[in-house]
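Analysis of the macromolecular model
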Amino acid sequence: MPTADYQVFRDAESASRFIIDRYEDDHQPCPLVVKADGLASGKGVVVCSNRSQALEAIDRIARQREFGDAGREMVIEERLDGQEASVLAITDGRTILTLPPAQDHKPAYDGDRGPNTGGMGAYSPAPLVNSHTLSWIEEHVLVPTVHAMKRMRAPFSGVLYAGMMLTNQGPKVLEYNVRFGDPECQPILMRLKSDLAQVLLATAEGRLDELPPLEWDPRPAVCVVMASEGYPGNYAKGFPIRGLEEAAQIPDVKVFHAGTRLDNGQVVTDGGRVLGVTALGNSISAAKLQAYTAVKCIRWSGAWCRKDISDKALLSSSAGSDS
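Residues numbered from 1 in each chain as written. Predicted model: local features only at pLDDT ≥ 70, side-chain atom pairs only at ≥ 80, totals over all residues. Heavy atoms only, no water.

Below, the discussion takes up the sheet that holds strand 7 (residues 103–104). Spatially, five strands are ordered 7-10-13-17-14 in an open sheet, and the strand pairing comes out antiparallel. In the strand order of this sheet, the two ends are held by strand 7 and strand 14 (253–257), each with one partner. Relative to strand 17 (residues 273–280), strand 14 is paired through five bridges, and the arrangement is antiparallel. Bridging across to strand 17, phenylalanine 256 finds its partner in glycine 276. The sheet contacts of helix 7 (residues 284–295) involve strand 10 (121–124), strand 13 (221–227), strand 14 and strand 17, and relative to strand 13 the element is tilted by about 30 degrees. (Pairing = 2+ DSSP bridges. Helix = DSSP H or I, 4+ residues; strand = E, 2+ residues; numbered from the N terminus. Contact = heavy atoms within 4.5 Å. Axes fitted to C-alpha atoms, helices over the stretch in contact; angles between N-to-C directions.)

Below, the structure is given as structure tokens:
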């Protein structure tokens, strides 16, 4: 599988020695990623450019245990440079239905700056992944993965999520998941016109090959995540959310709840990523405008979001999209 070179470590000392032995000082480029090798709500990844950053990341993960038990093991891997894309497929272990590609926005702040998050927004389709690239990913990533699991007598049925980095050396796998990704799920399913329940039932019953081709709304969709002040670090909960009804009146907009709860009939914040405001439009620019129009309707103390979700699509549009 095309992916980054990596090493696995179980303690801070050996991981630190690995860095010190290979990089003399901070003046030597150190393009690495240090990861907590467990579930860390999408936040256990530190992208490093020099030795000090890598050693600090090891200290946070393995000594300070910033991510708890997720940091019992660490992965140190080469940093892949390029743009990320999410390619999701539904499979019953024999047949694979590849969904239109999406692009997530992991860094917290505009211009892909700041710490990694669980995702600050997404759009679909992603012009960056044209029909040729999508076919290549199907052939070299999705199909081999499903076939290998079948040969291992552990056949996989469900949603296979391949997080890809499109590098100068070609597409490489960043991560796998076995669910619809959040926030990629929102714009993808906004465009799905076929009955999702029937697709999932056919998957569970091993008869995906009997389904007609999935039907898609030709319009693109954009999802903007509204987050709590302090996220992806510590944040307070329980702030009343206003304007949800107003946002719901905007055509082709749906507000997906991620970190909310009801408190005496009032919707209040209950997480870091609170809402996924998602809109369809005749173009990605139109969908973005519609989504941010809805965002402006919604208010709570400390609410914030990135302002540039989907802007990368304009840079990639020359690659074309065949979704």
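Don't stop here, the text continues.
Turning next to the nonpolar core. Ranked by size, the top nonpolar core spans 28 residues in total, and within it Val224, Ile241, Val255, Leu275, Val277 and Ile298 carry the most contacts. Of all the secondary structure elements, the ones that give two or more residues to this core are strand 13, helix 6 (244–248), strand 14, strand 17 and helix 7. If you tally residues by element for this core, the top one is helix 7, at six residues. Residues within four places of isoleucine 298 in sequence aside, it is in contact with Met226, Ile241, Arg242, Gly243, Leu244, Ala247, Val255, Leu275 and Val277. Counting 22 residues, the second largest nonpolar core, distinct from the first, contains Cys30, Ala36, Cys48 and Ala62. (Core = buried A, V, L, I, M, F, W, Y, C linked by side-chain atoms within 4.5 Å. Buried < 20%, exposed > 50% of the residue type's maximum accessible area, 1.4 Å probe, protein only.)

What follows concerns unusual backbone geometry. The omega torsion of the bond from serine 124 to proline 125 falls at 0 degrees, within 30 degrees of zero and hence cis. Within the fold, proline 125 resides in the loop between strand 10 and helix 3 (131–151). Here the amide bond leading from aspartate 182 into proline 183 is cis, since omega sits at 20 degrees, within 30 degrees of zero. Of note, proline 183 is situated in the loop between strand 12 (170–177) and helix 4 (185–191). In this model, aspartate 252 sits at a positive phi of 60 degrees, which is unusual for a non-glycine residue.

Here we take up the pairing of strand 9 (residues 113–116). Across two bridges, the pairing between strand 8 (residues 107–109) and strand 9 is antiparallel. Across the sheet, residue proline 107 finds its bridge partner in strand 9, namely asparagine 116. Between strand 8 and strand 9, which follow one another and run antiparallel, lie three residues, and glycine 111 among them has a positive phi close to 75 degrees.

So, about the side chain of glutamine 103. Structurally, glutamine 103 is set in strand 7. A polar atom in the side chain of glutamine 103 sits 2.8 Å from the side chain of glutamine 83. A polar side-chain atom of glutamine 103 sits 2.5 Å from a polar atom in the side chain of tyrosine 123. Once residues lying within four places of it in the same chain are set aside, the contact partners of glutamine 103 are Gln83, Glu84, Gly121, Ala122, Tyr123, Ala126, Leu128 and Lys312. (Polar contact = N/O pair within 3.5 Å; in protein donor to acceptor, adjacent residues only side chain to side chain.)

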